[in-house]
Amino acid sequence: MLFRSFFNDNNEWMDMDKCGHVTTAYYISMIGYNSYRWCGLSPDKAIVYGSLLGMAYLLNIEILDGFSSQWGFSLGDFSANTAGCLLFMGQQLGWKEQRFVMKYSFHQTKYAPYRPDLLGDNLIQNMVKDYNGYTSWLSGNIASFLPKTTKFPKWINVAFGYGAEGMVGAVSNPDSLNHQVGPYFNRYRQFYLSLDVDLTRIPTRSKALKALFTIFSFIKIPFPAVEYNTLGQFKFHPFYF
């Protein structure tokens, strides 16, 4: 089997898939770092090795795609993977902590039933395949930028989100859906501003709660949110996830 080619998919899914790559690389780097620290490595070595682990793991997937007859090596995916690893590495080297974390939220949409083969036909599949309902967040901790003597709650974050909607095709929407003329959907980008909770910064003496908070720390906590989209609309969501 020979290496097939490079594959330019930068115009697909309005960059939502690239957000997924950044988030995945970020968390694999974090898991690698924590694992190496648990094994006794020094912080600096754990940072470098953990980030390289994230890069190597995802690079392997891209190389395999390069040998696939249906895909190819995506430089866009590779760049997004690199960005996710560097986001973790840079903060850990510079601040010795993660002041900005990548987070995920999802809600089911009206689009999946039109393309269940592509967007999934149940909730679990939708959560992976339906980019219309996926919002990627960069959640920044406020207290970490304030003086150490601050009484501002250390677990409150401000979150900046990115999403996209109206997509029933990767690059463009097909003229027909399920062999019928389908409805027209505007494809547009969404930008969000909201509050969030950093679960790992909530003080607790319970090891069980601490472990639970760590496991679910990648999920954006639902809060009111302000949206601006490329249709020129401002929207207020009383409860957005």
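Residues numbered from 1 in each chain as written. Predicted model: local features only at pLDDT ≥ 70, side-chain atom pairs only at ≥ 80, totals over all residues. Heavy atoms only, no water.

Caption draft 1: Spatial organisation of a nonpolar patch on the surface. On the surface, Phe160, Phe191, Leu193, Val226, Tyr228, Phe234 and Phe236 cluster together into a nonpolar patch covering about 730 Å² of accessible area. Secondary-structure elements contributing two or more residues to the nonpolar patch are strand E6 (188–197), strand E7 (223–229) and strand E8 (234–240). When you line up the elements, leucine 193 lands in strand E6. A relative accessible area of 43% places leucine 193 in the partly exposed class. (Patch = residues over 30% accessible without salt bridge, like charges linked within 9 Å, V, L, I, M, F, W, Y side chains within 5 Å. Areas by Shrake-Rupley, 256 points an atom, 1.4 Å probe, with all protein chains shown as cover. Salt bridge = Lys/Arg side-chain N within 4 Å of Asp/Glu carboxyl O. Helix = DSSP H or I, 4+ residues; strand = E, 2+ residues; numbered from the N terminus. Buried < 20%, exposed > 50% of the residue type's maximum accessible area, 1.4 Å probe, protein only.)

Caption draft 2: Structural context of the sheet that holds strand E3 (residues 156–165). Here six strands make up an open sheet; going across it, the order is E1-E2-E3-E6-E7-E8 and the pairing antiparallel. The open sheet has two edge strands with one neighbour each: strand E1 (100–106) and E8. Sheet twist, expressed as the average angle between the axes of neighbouring strands with direction ignored, equals 25°. For strand E2 (residues 134–141) and E3, the ladder comprises six bridges, and the chain directions are antiparallel. Bridged to asparagine 141 within E3 is asparagine 157. Sitting on the sheet, helix H1 (residues 16–38) touches E1, E2 and E3, and the angle it makes with E1 is about 130°. (Pairing = 2+ DSSP bridges. Axes fitted to C-alpha atoms, helices over the stretch in contact; angles between N-to-C directions. Contact = heavy atoms within 4.5 Å.)

Caption draft 3: The arrangement of the nonpolar core in detail. Core analysis: the biggest nonpolar cluster contains 17 residues, and Met16, Tyr134 and Met167 have the highest contact counts within it. Non-local contacts of methionine 16, meaning those with residues more than four positions away in its chain, are made with Tyr131, Tyr134, Ser136, Tyr162, Gly163, Ala164 and Met167. By size, the runner-up hydrophobic cluster in this structure holds 12 residues, among which are Val22, Tyr26, Tyr27 and Val101. (Core = buried A, V, L, I, M, F, W, Y, C linked by side-chain atoms within 4.5 Å.)

Caption draft 4: Spotlight on the packing of aromatic side chains. Evaluation of the coordinates by the stated rule reveals 19 aromatic pairs. Seen in terms of ring centroids, tyrosine 36 and tyrosine 49 are 6.0 Å apart; in terms of plane orientation they differ by 70°. Their pairing is edge-to-face. Separated by 13 residues along the polypeptide, tyrosine 36 in helix H1 and tyrosine 49 in helix H2 (residues 43–67) bring together distant segments of the chain. With a relative accessible area of 27%, tyrosine 36 lands in the partly exposed category. The exposure class assigned to tyrosine 49 is partly exposed, which follows from its relative accessible area of 39%. On the numbers, 5.8 Å between centres and 40° between planes, the contact of tryptophan 137 with tyrosine 192 is tilted. Within this pair, whereas tryptophan 137 is found in strand E2, its partner tyrosine 192 is found in strand E6, the two being separated by 55 residues in sequence. For tryptophan 137, a relative accessible area of 1% corresponds to the buried category. Ring-pair connections join several aromatic residues into one group, and the members of that group are Tyr26, Tyr27, Tyr33, Phe88 and Phe218. (Phe/Tyr/Trp six-rings, centres within 6.5 Å; stacked < 30°, edge-to-face > 60°.)

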